[in-house]
Amino acid sequence: MARLPTAVSAGFLLLCACARTVPPPAPPPELPAQVMARIQDWEDRRSLGGGELVRLATAAPDTAVRVRALRALARIQDVATLEAVVAGLTAQDKSVRDEAAFAAGELALSWEPLPEDARTALTGALVRAEATEADGWVRITLLESLGKLATPGAVEVLTARLSPASGPWSEAAATALGVAARKAGAAAAANVPMEAIRALVKPRERTEVNLAGAYLLATSKRPDSVEALRSCLANGHPDVMALCAKGLGDVGSVGTGPDTTGLAMVLAEGTPRVEAEAARALAKLAVKCQEGPPCDPLLALERLAFRAKRVAEGKAEQGHALLAVAQQGLPVRGRPVLQLLRTALAAADRGAATEEAHADLAWLDCRFAAAMDRQQGSLEQVLQCGYGRVPEARRLALGLHEVAQFKGASTATAKPGEASPAVPGAAFAVPYLNHTSPVVRGAALDALSERPVPEAMAPVRALIGGGDAVVAGLAAATAGKLKDAEALPALQALAERVPKEPDLAEAVAGALVALQGRAAEPRLREWLTHPHANVRRVAAESLTSLTGAPVRSLRVELPADTYRPPAAPPGTTLTLRTRKGDITVLLDADAPLTGGNLVALAKQGYFRGVTFHRVVPDFVAQGGDPRGDGEGGPGHSIRCEMTRRPYARGTVGMALSGRDTGGSQFFFTHSPQPHLDGRYTAFGEVVGGMDVVDALLEGTVIDDVLVGTRAP
């Protein structure tokens, strides 16, 4: 091999050595937009970017970047980021402190509950921050997060901020205490001085304070709140009146009369969602009626009969009070009232003005039929309800779901020396396990899960291996309730499907624990590292129950090719075409994944012919499920994108069955719902057609969803 002369070689080596000592040029600094894009990517993939996301949340020189990083931490909800969130509470910039306070609340709402030491640390940090915070808006966010945390220390601070009623924090504190009561139970607000709450509901110029006080009254469910509830029932503000009616339904009485009289007056208030709450409250009070004397709440509910004619005239919103009664149900003593209202519906149907009115009356009839079947614990009335307009599968499914809730005593004769069972089994549901409709099979499984019978074992076992994942999961859960050991092979085969069908996890895990006990532990521990967050949550909760020791899942980063539809441009609208009119929704740019997902589905025609399958008056109207039973979706899920938008009247949110399980189901809120804030992705607001939202009833069909743009 030829070699260079020695002198030349030495010079060449020296030149190379010098070249290696020259540092490479520094990369150009990232533009803020590039950093934001990286944060968005980490958020979508539930990644901490190898620690870079936490560094940006705690030390990014650009305030906007630090705020965006904290928002990502809020959506990722990893307890390991607690220190970074807490550090933000003492930042110099108020926008950083505000976002850190929001992120703290999101940690408190984690679908997988925080460990006790983390709850204690977060409580202390929020309490200290609230005590020293000078900015009013940040302080309100801190109070909101204390309500989401709902620890005794948090409740103590919120209680102190209730007074005076005209003070700057009373409104936020009262609402936060109501949220705490919704989360931790009414006992969380048991020691709040009633005098402080009463002061909040006294008429004043700012009705927002009255609304917050009424919300606290309604959620605390305290017997000593009756007088305050009675007084605020005449407030005049629809949302205040609705909350006070709701509260009276829970803690009011029938013996003294004022509660029934006040609620009966509200039935004619003129705002459908308020009247619906009054009707629901009267239905609750009817359960308290003693045998013998006339039941005043039932007498008041008879007056709803005229509303059937209003629905027939095309005023569908008048059906909300009727729907509320049917959903709440009445005691057996109230059966004549249910029959009276059904008779009124049938009479109104003969003169209905439109096909849509006919459909509304038919669905309401089936709701009342199901309520009657629930009273007796078996199917009868739903078999012939709906005037031939409600499909058989929908009728049967509705009836089976309602009858599953039957709590009456058995009418069977017990053998000598044996006690009669308190609740008879749902043997009548067994034949429906072979129905052609998966919706009916699922509803039959629901009934049998609540009221198991041995003869259901074999047919339930057969459904575990079926192709419909929803039915298979429900069958697995029912087999667990039946303690059917012979179902274990089919259950283990179904468990193999969980990696690709994560929606099966909850039902399968419950059945594995019931049938295998500690032997299920190895499989559940495998699920702790599953890519889907909800599978990991289910595994952790099941293992905690199984072992008696706290178990937490690990955070798992999603792959780069995880489904991410293009973000909807700012100003994008979705217009839902229904036969009751159009509803226009303006999407939030702050939830690009959620908005983009629905836009993509709408462009595919996904929502054509889909119904609003769930309408709860004065709460939500929910649609977007092609199955029509609340169990369906598009075959993929998207990550949650919690925003700062509160659930006010007309807010649009994503329905979930666990963390990061959004798909195609969405809901509209009829009234403020603070307990939903930060729990379900709020991704837009109704900007046109709120009267149509108010008129939605179960069974209302979405003809199409059109994508548009709102002019600036």
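Higher on the page you've got the structure.
Okay, so let's go over this structure. What you see is a predicted model, and the numbers here were worked out from it, not measured in a lab.

1. Here's the deal with the overall build of the protein
In terms of regular secondary structure, the protein is built from 31 helices and eight strands. For the protein, whose C-alpha radius of gyration is 29 Å, the value lies close to the compact-globule estimate of 27 Å for 712 residues. On the principal axes, the C-alpha backbone points of the protein span a range of 120 × 65 × 55 Å. When burial is assessed residue by residue, the protein has 56% of its 712 residues classed as buried. Of the contacts made within the protein by residues no fewer than 6 positions apart, 69% connect residues no fewer than 24 positions apart. Carbon and sulfur atoms provide 57% of the accessible area of the protein, an area that totals close to 29700 Å².

2. A word on the state of the cysteines
Across all of its chains, the model carries three disulfides by this definition. In this model Cys289 forms its disulfide with Cys295; the gap between the sulfur atoms is 2.0 Å. Between Cys289 and Cys295, the S-S dihedral sits near 70°, and the bridge is therefore right-handed. A relative accessible area of 5% means that Cys295 is categorised as buried. Each sulfur of the disulfide joining Cys366 and Cys385 lies 2.1 Å from the other. Around the S-S axis, the bridge from Cys366 to Cys385 shows a dihedral of about 100° and counts as right-handed. Note that Cys366 is positioned in helix H21 (residues 355-376) and Cys385 in the loop between H21 and helix H22 (392-403), a separation of 19 residues in sequence. Accessibility assignment for this pair places Cys366 and Cys385 in one class, buried. Sequence-ordered numbering of the bonded cysteines in the protein gives a pairing of 1-2, 3-4, 5-6.

3. What about the packing of helix H8 (residues 136-149) against helix H10 (residues 170-184)?
Interhelical geometry of H8 versus H10 gives an angle of 20° and a closest axis separation of 7 Å. Of the possible angle classes, the one that applies to H8 and H10 is roughly parallel. Classified by chirality, the crossing of H10 by H8 is right-handed. Where H8 abuts H10, its residues Ile140, Leu143, Glu144, Gly147, Lys148 and Leu149 lie against Ala172, Ala173, Ala176, Val179, Ala180 and Lys183. Residues belonging to the contact of H8 with H10 are distributed by class as follows: eight nonpolar, one polar and three charged.

4. Some words on the side chain of Ser671
Examined against the element boundaries, Ser671 turns out to sit in the loop between strand S6 (666-669) and strand S7 (682-688). Here Asp618 takes part through its backbone oxygen, which lies 2.9 Å from a polar atom of the side chain of Ser671. Within the structure, Ser671 has its side chain in polar contact with the side chain of Gln673 (distance 3.0 Å). Filtering out sequence-adjacent residues up to four positions away, Ser671 remains in contact with Asp239, Arg273, Asp618, Phe619, Tyr647, Ala648 and Arg649.

Parameters and conventions
- Residues numbered from 1 in each chain as written.
- Predicted model: local features only at pLDDT ≥ 70, side-chain atom pairs only at ≥ 80, totals over all residues.
- Heavy atoms only, no water.
- Helix = DSSP H or I, 4+ residues; strand = E, 2+ residues; numbered from the N terminus.
- Rg over C-alpha atoms; globule rule 2.2 N^0.38 Å.
- Buried < 20%, exposed > 50% of the residue type's maximum accessible area, 1.4 Å probe, protein only.
- Contact = heavy atoms within 4.5 Å.
- Areas by Shrake-Rupley, 256 points an atom, 1.4 Å probe, with all protein chains shown as cover.
- Disulfide = S-S within 2.5 Å.
- Axes fitted to C-alpha atoms, helices over the stretch in contact; angles between N-to-C directions.
- Parallel < 35°, antiparallel > 145°, perpendicular 65-115°, else oblique.
- Left-handed = near helix turned anticlockwise from the far one by under 90°.
- Nonpolar A, V, L, I, M, F, W, Y, C, P; charged D, E, K, R; others polar.
- Polar contact = N/O pair within 3.5 Å; in protein donor to acceptor, adjacent residues only side chain to side chain.

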